[in-house]
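# Survey of secondary and tertiary structure
Here's the letter readout for the chains.
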Amino acid sequence: MATKVLVPLLGEGVEEVTVIKWLKKEGDSVNELEPLLEVNTDKVDTEIPAPASGTVLKILAEEGVPAKVGTVLAFIGKPGEAVEGGQWSVGSEKTTPQPQSVTVQNQASTANAQQSTINRDIGFISPVVAKIAAEHGVNLSQVQGTGLNGRITKNDVLNYVESGKKTMDDGQQITTHRPSSTVVPGTGDQLIKHTVIRKQIAEHMVMSKHTSPHVLTVMEADMSRVAKNRSANKEIFVRDGINLTFTAYFMMAIVAGLKAYPNVNSSWTDEGILVHKAVNLGMATSLGEEGLIVPVIKDADNLSLLAMARAVNDLANRARSKKLQPEEVKGGTFTLTNHGISGSLFAFPVINQPQCGILGIGAMQKRVVVIEDAIAIRPMVYLSFAFDHRILDGASADWFLMKVKDTLENWA
């Protein structure tokens, strides 16, 4: 009997993954525990090993399409072996997987009429695809499917509609006006397909801006004492294998601010403001052109500077080498983004929902400042605090930011 390849439970609260890449194709041989495919959840890439040795008989899950935990992704067995008892994961259309009998020679879909639409010419059509087609008057026989085995996906229908033409059931072809927001490619333009991470970032950022009324307040901090402390301790930390970066100091300053003003460590709910007991600090980490990811330092309020620096090093290194676990990017209550690494002085960062705020750190520069009526040169940095105006007002946001500033400027 063929072995099912299932979507495993990759962490608490992980309900679905997105198939990134199949490392084997149908007909390939595979050994038990050999990497079979790569999946992504919450921007964390994970390899799924083969549960048994044999031949990849059937692949059910498409690349780039979500699949729920427990869904059958593929079957492994002996060449020519019949495959039964699979499940379709409709994926991005977010419908419940339906029972399906699959054989290597013949694939037949059976589902409730209210759950799906079957057409011998166009194959399996999900409820969402059928609904979109009906709303736009699209004859699906005119749509070229790009999904697995030529299946028509939601994006296929939407792209067909946006192309400017749709065919009604009576065969009459009409032209629709292209939305003004549609970008028309020019000669020589290059289309770079969205990665899963880029899509997730886009969805999360748009959702955040639609969810929270963002307000920005900016202060600058004199980093003289922090710089002096770092210089005095950097070599000592190296002996323990730790690179003492300024990020660790910013994290410690945020902890001081959250302890002084707990409402900043909160989330908005319809019933009231949920103030979190745990201080779990997210640390936005660049993955280069791939985007960014936000690993979380749990219980950051219990860490010393040494422990904080160790956590910062560890999470940043594993984030860039794609070795994070899904639970390590969950549960954050506040986020730091150090955009100054690339030279930016200050920015208006987007809140990492469902958090109350995010602190942006600009590039540290030596600037001329006035101290007790005397001109001096000090290493200065801008602190940009974007906050949810539903939770904080200008004064309370500034109190928090002032505490962060004072902690940095009076580092002992």
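Preceding block: the structure.
Figured I'd write up the structure that's included with this text.

Parameters at a glance
- Residues numbered from 1 in each chain as written.
- Predicted model: local features only at pLDDT ≥ 70, side-chain atom pairs only at ≥ 80, totals over all residues.
- Heavy atoms only, no water.
- Pairing = 2+ DSSP bridges.
- Helix = DSSP H or I, 4+ residues; strand = E, 2+ residues; numbered from the N terminus.
- Axes fitted to C-alpha atoms, helices over the stretch in contact; angles between N-to-C directions.
- Parallel < 35°, antiparallel > 145°, perpendicular 65-115°, else oblique.
- Left-handed = near helix turned anticlockwise from the far one by under 90°.
- Contact = heavy atoms within 4.5 Å.
- Nonpolar A, V, L, I, M, F, W, Y, C, P; charged D, E, K, R; others polar.
- Salt bridge = Lys/Arg side-chain N within 4 Å of Asp/Glu carboxyl O.
- Buried < 20%, exposed > 50% of the residue type's maximum accessible area, 1.4 Å probe, protein only.

## Comments concerning the sheet that holds strand β1 (residues 3-6)
If you walk across this open sheet you meet the four strands as β1-β8-β6-β3, and the pairing is antiparallel. The sheet terminates laterally at β1 and β3 (29-30), the two strands that pair on one side only.

## Notes on the packing of helix α5 (residues 246-260) against helix α7 (residues 394-409)
Axis separation between α5 and α7 bottoms out at 8 Å; the angle between their running directions is 135°. By the angle between their axes, α5 is oblique relative to α7. The element α5 and its partner α7 pack so that their crossing is right-handed. Between α5, through Tyr249, Phe250, Ala253, Ile254, Ala256, Gly257, Leu258 and Ala260, and α7, the contact on the second element is made entirely by Phe400, Lys403, Val404, Thr407 and Leu408. Of the residues contributing to the contact of α5 with α7, the split by class is 10 nonpolar, two polar and one charged.

## Quick look at the sheet that holds strand β5 (residues 44-49)
If you trace the four strands from one edge of the open sheet to the other, you get β5-β4-β2-β7, paired in antiparallel fashion. Looking at the sheet topology across the chains shown, the edges are occupied by β5 and β7 (66-68). If you compare each strand with its neighbour and ignore which way they point, the axes differ by 40° on average. Sheet topology places strand β2 (residues 16-22) next to β7; three bridges connect them, and they run antiparallel. Across the sheet, residue Glu16 finds its bridge partner in β7, namely Lys68.

## Looking at the pattern of salt bridges
Within this structure, the stated rule accounts for 10 salt bridges. Salt-bridge contacts for Glu34 lead to Lys24; the nearest nitrogen and oxygen are separated by 3.1 Å. Note that Glu34 is positioned in the loop between β3 and β4 (35-41) and Lys24 in the loop between β2 and β3, a separation of 10 residues in sequence. Judged by relative accessible area, which is 24%, Glu34 ranks as partly exposed. Since its relative accessible area comes to 18%, Lys24 is described here as buried. Residue Lys405 is joined to Glu409 by a salt bridge in which the shortest nitrogen-to-oxygen separation is 3.0 Å. Taken together, the positions of Lys405 and Glu409, both in helix α7 and four residues apart, correspond to about one turn of that helix.

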